Amino acid sequence: MKKLFSILLVAMLLPLSVHAADEWQEGEHYIVINDKATATPEVKEFFSFWCPACYSFEPLVKKIKEGLGEDVKFTKIQVNFMQSAGPDVQNDATKAMIIARAMKKEDVLNTAVFNYIHEQRSTVTGLKDLRSVFIINGVEAEEFDKMAKSFSVKSLVNKNNREIETYREYLNGVPNFIVNGKYQAKFSRDMTADQIVNLIVWLTKQS
């Protein structure tokens, strides 16, 4: 009976696997940018706090993260080449993001920064403005200042920027998703939110 159940289960799942392979086509829904995938599944989202599309994409990013397996690492990488702000200011925003990550408050504080720029229409002139946003959202000023000066935060900012350089030739726009270090997702206007989520999740399962 167990054997029969297993055969039936495989028969039910097989069409789903075939459908996924048929639905997502190389060149149309993703491109291969490396020969080898990373040892463990991962998703890197390249974005900018100044990018309106990235701001609008945030609810979908939440769905993507919820749909990923527990073994998949999701990392946001703030780019520093947008024309909306100078590179130093953008690097300050990256530092703020890293500080929020270290505090385990990244989602909440990223939302606060996005809202500061896109909802309140406020200008970020440097780390001082971002510090104020964090304080308004419950971060202690002393804790922010301490972390802003820390070697670990500086190292992680540098790592963020090295990731930009590694994939720069593929970053013609943001948001941009690199999956398993091998695949770059491609989205079309006719794709639904669920299809975008399913594509990213499917790519994490490819070697």
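In the block above lies the structure referred to throughout.
Reading guide: rules and limits
In every chain, residue numbers begin from 1 and rise along the written sequence. Selection of residues for local features in this predicted model requires a pLDDT of at least 70, selection of side-chain atom pairs for listing and counting requires 80 or more, and totals for whole chains, interfaces and linings are taken over all residues. Heavy atoms throughout the structure, all of them, feed into the side-chain values; hydrogens and water do not. Secondary structure is summarised from DSSP: a helix means a run of H or I of at least four residues, a strand means a run of E of at least two, and numbering begins at the N terminus for each. Only protein chains enter the calculation, and the probe is 1.4 Å; a residue is then buried if its accessible area is under 20% of its type maximum, exposed if over 50%, and partly exposed in between. Here a polar contact means two N or O atoms within 3.5 Å. Within protein one must be a hydrogen donor candidate and the other an acceptor candidate, and residues neighboring in sequence count only if both atoms are side-chain atoms. The salt bridge definition used is simple: a Lys or Arg side-chain nitrogen within 4 Å of an Asp or Glu carboxyl oxygen. Grouping buried Ala, Val, Leu, Ile, Met, Phe, Trp, Tyr and Cys residues that are joined through side-chain atoms within 4.5 Å yields what is termed a nonpolar core. Here, residues are in contact when the closest pair of their heavy atoms is within 4.5 Å. Cavities and pockets are defined on a 1 Å grid built over the protein atoms alone: a cavity is a set of grid points where a 1.4 Å probe fits but cannot escape, while a pocket is an open set with protein on both sides within 12 Å along at least five of seven lines, and lining residues are those with an atom within 4 Å of any such point. Grid points are joined across faces, edges and corners, and a volume is the space filled by probe spheres set on the points. Between N-to-C directions, angles span 0 to 180 degrees; the directions come from axes that are lines fitted to C-alpha atoms, helices contributing only their stretch in contact. Here the word oblique covers every angle except those under 35 degrees (roughly parallel), over 145 (roughly antiparallel) and from 65 to 115 (roughly perpendicular). Two helices cross in a left-handed way if the nearer one is turned anticlockwise from the farther one by less than a right angle. They cross in a right-handed way if the turn is clockwise. Any residue outside Ala, Val, Leu, Ile, Met, Phe, Trp, Tyr, Cys, Pro, Asp, Glu, Lys and Arg is labelled polar, Gly included; the first ten of those are nonpolar and the last four are charged. Multiplying 1.5 Å by the helix residue count minus one yields the expected span of that helix. Taking the helix axis as origin, the arc is that swept by the directions to the C-beta atoms.

### Topic: the side chain of His29
So, step 1. Here His29 lies in the loop between helix 1 (2-23) and strand 1 (30-32).
So, step 2. Look at His29 and you get buried, because its relative accessible area is 10%.
So, step 3. Of note is the side chain of His29, whose polar atom sits 3.3 Å from the backbone oxygen of Glu23.

### Points about the pattern of salt bridges
So, step 1. With the rule as written, the count across this model stands at 7 salt bridges.
So, step 2. In this structure, Glu42 engages Lys44 in a salt bridge whose closest nitrogen and oxygen atoms are separated by 3.5 Å.
So, step 3. Exposure remark for Lys44: the relative accessible area of 10% places this residue in the buried category.
So, step 4. When the shortest N-O distance is used, the salt bridge between Lys65 and Asp107 registers 3.0 Å. With Lys65 in helix 2 (residues 52-67) and Asp107 in helix 4 (residues 106-118), this pair connects stretches of sequence that are 42 residues apart.
So, step 5. On the accessibility criterion, Lys65 (32% relative accessible area) is partly exposed.

### Quick notes on the nonpolar core
So, step 1. Of all hydrophobic cores here, the largest spans 40 residues; its most connected members are Phe46, Phe49, Trp50, Ile99 and Phe134.
So, step 2. When contributions to this core are tallied by element, the ones reaching two or more residues are strand 2 (42-47), helix 3 (87-102), helix 4, helix 5 (127-136), helix 6 (141-148) and helix 7 (151-167).
So, step 3. It is helix 3 that provides the largest number of residues to this core, a total of 7 residues.
So, step 4. Once residues within four sequence positions are removed from consideration, Phe46 is found in contact with Ile77, Val79, Glu163, Ile164, Tyr167, Leu171, Val174, Pro175, Asn176 and Ile178.
So, step 5. Grouped together as the second largest cluster of nonpolar side chains are 22 residues, Leu60, Ile64, Phe74 and Phe177 included.

### What about unusual backbone geometry?
The phi angle of most residues is negative, glycine excepted, and most peptide bonds adopt the trans form.
So, step 1. Cis geometry is adopted by the peptide bond preceding Pro175, which originates at Val174 and carries an omega value of 5°.
So, step 2. Along the chain, the position of Pro175 falls in the loop between helix 7 and strand 4 (176-179).
So, step 3. In the Ramachandran plot, Arg121 falls in the positive-phi region, its phi being about 60° despite a non-glycine side chain.
So, step 4. Relative to the elements of secondary structure, Arg121 occurs in the loop between helix 4 and helix 5.
So, step 5. With a relative accessible area of 68%, Arg121 lands in the exposed category.

### Regarding the environment of Phe47
So, step 1. When you line up the elements, Phe47 lands in strand 2.
So, step 2. Placed 128 residues apart in sequence, Phe47 and Pro175 show a C-alpha to C-alpha distance of 4.8 Å.
So, step 3. For Phe47, the residues in contact, after removing those within four places along its chain, are Cys54, Lys76, Ile77, Gln78, Val79, Met97, Phe114 and Val174.

### Details of the layout of surface pockets
So, step 1. In this structure, the largest pocket occupies an estimated 450 Å³ of space.
So, step 2. Considering the residues around the largest pocket, the lining is formed by 19 residues, among which Lys73, Phe74, Thr75, Lys76 and Arg101 are closest to the centre.
So, step 3. Residue assignment for the lining of the largest pocket shows that the elements contributing at least two residues are strand 2, strand 3 (73-78), helix 3, helix 4 and helix 7.

### Observations regarding the packing of helix 4 against helix 5
So, step 1. At a closest axis distance of 10 Å, the pairing of helix 4 and helix 5 adopts a crossing angle of 120°. Relative to helix 5, the element helix 4 is oriented oblique. Here helix 4 and helix 5 pass one another in a crossing that is right-handed. Here Leu109, Ala112, Val113 and Tyr116 of helix 4 lie close against helix 5, whose contacting residues are Asp129, Leu130, Val133 and Phe134.
So, step 2. Residue composition of the contact of helix 4 with helix 5, grouped by class: 7 nonpolar, no polar and 1 charged.

### A word on helix 7
So, step 1. With 17 residues, helix 7 should cover 24 Å at 1.5 Å per step; its first-to-last C-alpha distance of 25 Å lies within 8% of that length.
So, step 2. Along helix 7, the residues that are buried comprise Val153, Val157, Asn160, Asn161, Glu163, Ile164 and Tyr167. The buried residues of helix 7 occupy an angular sector of 145° when projected down its axis, which confines them to one face. Opposite its buried face, helix 7 presents the exposed residues Phe151, Lys154, Arg162, Glu165 and Thr166, each directed more than 90 degrees away.
So, step 3. Buried-residue contacts for helix 7 involve strand 2, strand 3, helix 3, helix 6 and strand 4.

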